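Here is what each chain is made of, one letter per residue.
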Amino acid sequence: MLAFVLLGGVANGSPATDYIDAQMAIERQLDALYVHCTAGSVLAGPEGAPVLAAAQKQVHTLLIAAQGQAQWLGDDQGLNAALVQRAEHSVLFFDQTLPTLVSLSSSAHPRDADQLQFETLTLLSQVTDAQDAERMSVALVAFGNANRVRIVEDALSEALEPPKLVLDLPGEPSTLSSLVRVSFAVGHHNEMVALHDQVLSAWNAIVALESSDMQGKHPVLEQAVQELREVPPWMGDDTLTESMAANGEALLGLVDRLVQSAALDMRLFLFGKKKRQRDRLIEEVDDAVPELNAKVLTARVAFEESWQLHAYEQHIGELAKWGVARREGQ
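Calculation notes
Residues numbered from 1 in each chain as written. Predicted model: local features only at pLDDT ≥ 70, side-chain atom pairs only at ≥ 80, totals over all residues. Heavy atoms only, no water. Helix = DSSP H or I, 4+ residues; strand = E, 2+ residues; numbered from the N terminus. Contact = heavy atoms within 4.5 Å. Areas by Shrake-Rupley, 256 points an atom, 1.4 Å probe, with all protein chains shown as cover. Buried < 20%, exposed > 50% of the residue type's maximum accessible area, 1.4 Å probe, protein only. Polar contact = N/O pair within 3.5 Å; in protein donor to acceptor, adjacent residues only side chain to side chain. Axes fitted to C-alpha atoms, helices over the stretch in contact; angles between N-to-C directions. Parallel < 35°, antiparallel > 145°, perpendicular 65-115°, else oblique. Left-handed = near helix turned anticlockwise from the far one by under 90°. Nonpolar A, V, L, I, M, F, W, Y, C, P; charged D, E, K, R; others polar. Core = buried A, V, L, I, M, F, W, Y, C linked by side-chain atoms within 4.5 Å. Salt bridge = Lys/Arg side-chain N within 4 Å of Asp/Glu carboxyl O. Phe/Tyr/Trp six-rings, centres within 6.5 Å; stacked < 30°, edge-to-face > 60°. Arc of directions from axis to C-beta.

Student: Explanation requested: the overall build of the protein chain in the structure shown.
Tutor: Helix and strand content of the protein chain: nine helices and two strands. Starting at the N terminus and walking to the C terminus, you meet the elements of the protein chain as β-α-α-α-α-β-α-α-α-α-α. Once local pairs closer than 6 in sequence are excluded, the contacts in the protein chain between residues at least 24 apart make up 80%. Of the roughly 17500 Å² that the protein chain leaves accessible, carbon and sulfur atoms contribute 55%.

Student: Where do I start with the side chain of serine 90 in this structure?
Tutor: One can find serine 90 in helix H3 (residues 79–105). Excluding its chain neighbours within four sequence positions, the residues that come into contact with serine 90 are Leu30 and Val59.

Student: When you look at the environment of histidine 189 in this model, what are you seeing that I'm missing?
Tutor: Tracing the backbone through its elements, the reader meets histidine 189 in helix H5 (residues 178–207). Under the relative-accessibility criterion, histidine 189 is labelled buried at 7%. Sequence-distant contacts of histidine 189, defined by excluding residues within four places in its chain, comprise Leu240, Arg300, Phe303, Glu304 and Leu309. Reaching out from histidine 189, the side chain makes a polar contact with the side chain of asparagine 190 at a distance of 3.2 Å.

Student: Looking at this structure, how should I read the packing of H3 against helix H4 (residues 112–146)?
Tutor: The angle between the axes and the distance between the axes are what describe a pair of packed helices. Between H3 and H4, the shortest axis-to-axis distance is 10 Å and the interhelical angle comes to 165 degrees. Relative to H4, H3 is oriented roughly antiparallel. The handedness of the crossing between H3 and H4 is left-handed. Classifying every residue of the contact of H3 with H4 by side-chain character gives twelve nonpolar, nine polar and four charged.

Student: Can you help me understand the nonpolar core in this one?
Tutor: Generally speaking, nonpolar side chains in soluble globular proteins are found buried as a group. Counting 76 residues, the largest nonpolar core has Leu79, Phe94, Leu98, Phe118, Trp203, Leu221 and Trp307 as its most contacted members. Per-element tally for this core: the top contributor is H5, with 13 residues. With near-sequence residues (within four places) excluded, tryptophan 203 lies in contact with Leu221, Leu251, Leu254, Val255, Leu258, Val285 and Val289.

Student: I would appreciate a short explanation of the packing of helix H2 (residues 49–67) against H3 in the present structure.
Tutor: Between H2 and H3, the least distance of the axes is 9 Å, while the angle of their chain directions is 160 degrees. What the angle tells us is that H2 and H3 run roughly antiparallel. As for the relative orientation of H2 and H3, their crossing is left-handed in sense. In this structure, H2 contributes Leu52, Ala55, Gln56, Val59, His60, Leu63, Ala66 and Gln67 to the contact, and H3 contributes Asn80, Leu83, Val84, Ala87, Glu88, Ser90, Val91, Phe94, Asp95, Leu98 and Pro99. Split by residue class, the contact of H2 with H3 holds twelve nonpolar, five polar and two charged.

Student: Which parts of the structure should I look at to understand the pattern of salt bridges?
Tutor: One side chain can pair with another of opposite charge once the charged atoms of both are near each other. As enumerated under the stated definition, the model contains seven salt bridges in all. Between aspartate 31 and arginine 86 there is a salt bridge; the shortest N-O distance is 2.7 Å. Pair noted here: aspartate 31 is in helix H1 (residues 15–44) and arginine 86 is in helix H3, with a separation of 55 residues, a long-range link. In this structure, glutamate 304 engages arginine 300 in a salt bridge whose closest nitrogen and oxygen atoms are separated by 3.9 Å. Of this pair, glutamate 304 and arginine 300 both sit in helix H8 (residues 272–306), four residues apart, which is roughly one turn of the helix. Note on arginine 300: relative accessible area 29%, which makes it partly exposed.

Student: Would you explain the packing of aromatic side chains in this entry?
Tutor: For any pair of aromatic rings, the description consists of the separation of the ring centres together with the inter-plane angle of the planes. Summed over all chains, the structure comprises eight aromatic pairs. Plain terms: the ring middles of tryptophan 72 and phenylalanine 143 are 5.1 Å apart, the flat faces sit at 75 degrees to each other, and that makes the pair edge-to-face. Here the residue tryptophan 72 occupies a position in the loop between H2 and H3, and phenylalanine 143 occupies one in helix H4, the gap between them amounting to 71 residues. Since its relative accessible area comes to 0%, phenylalanine 143 is described here as buried. Aromatic rings pair up to connect Tyr19, Trp72 and Phe143 into one cluster.

Student: Where do I start with helix H6 (residues 219–229) in this structure?
Tutor: Helical geometry note: an α-helix holds 3.6 residues per turn, so side chains three or four residues apart project in the same direction. Taken together, the buried positions of H6 are occupied by Leu221, Ala224, Val225 and Leu228. Mapping the buried residues of H6 onto a view down its axis gives an arc of 95 degrees, with all of them on the same face.

Student: Just to check I follow, could you spell out unusual backbone geometry for this structure?
Tutor: Leaving glycine out, the prevailing phi sign among residues is negative, and the prevailing peptide bond configuration is trans. Of note, arginine 148 is a non-glycine position whose phi angle comes to about 60 degrees, a positive value. With respect to the element layout, arginine 148 can be found in the loop between H4 and strand E2 (150–153). With phi around 55 degrees, glutamine 308 is a residue other than glycine that occupies positive phi space. One can find glutamine 308 in the loop between H8 and helix H9 (309–329). We classify glutamine 308 as partly exposed; its relative accessible area is 23%.

Student: Help me understand the side chain of threonine 122, please; the structure alone is not making it clear to me.
Tutor: Secondary-structure assignment places threonine 122 in helix H4. The contact partners of threonine 122, leaving out residues within four places of it in the chain, are Leu101 and Leu176.

See below:
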């Protein structure tokens, strides 16, 4: 977004500086709206709908204010036109681009293509911002020169800048911030955990069945495992997809052992070789399950460490504190 602009020189308090102040007051509000609402809306996902709706209402109000500025008696060097265009682009961003970004980043089933589309939209938005900034800067300097007003550009105030998250992440390089990249990885993690929980739920339901009910009772488990198989690796990282799919496949294999043991249990007389066979099958299941669970836990920890989910969670807390401090300081 545009840098803040400080005005100075002998013309302070003149009609020219008053005109500039009126234009820049709107520009500053557009900047603040972008900084305050973009990251929060993306992170909040659908729950941030009220914040997004409020931002959309405000940006339309700012566009009307830009269009309704009193005309400069003379040539304003395109300053107001640049502001209006900037406001129009802001309306498009909040009405169209930002809702799409929120939808992509909050998907319950994130895929690589979603992050790539997010990156493309972000880059296009940044290009538009840069062009708007350049147009405003040129018009502002030209107006200042024509009216003997000294224009001094200043960097964005640190008080307005939210805390940054900079991490060394796996996968292909990306122009997206670490905050956005990890938020997508969190979405993948959550999807995989939810699908694996379905597998475990189906497994536990089978284990709880009476021996006589166990035959042919694992279609739900097969479906849950199939859904796990269909999730692709995240940005080349197959840590969760491989381990959890393998876990599901192994549990399907153990169901066959349970069914065999159940069939033996249903025999009228169970002793000797058949009893030992039944006991061995149950023992194989009992021995295998803890090891399978441990492998999944190891994979989850590896993914969380690789994508630095703990640092992400801490940063979210810092952003929340920053937002509170900003509101209290206004």
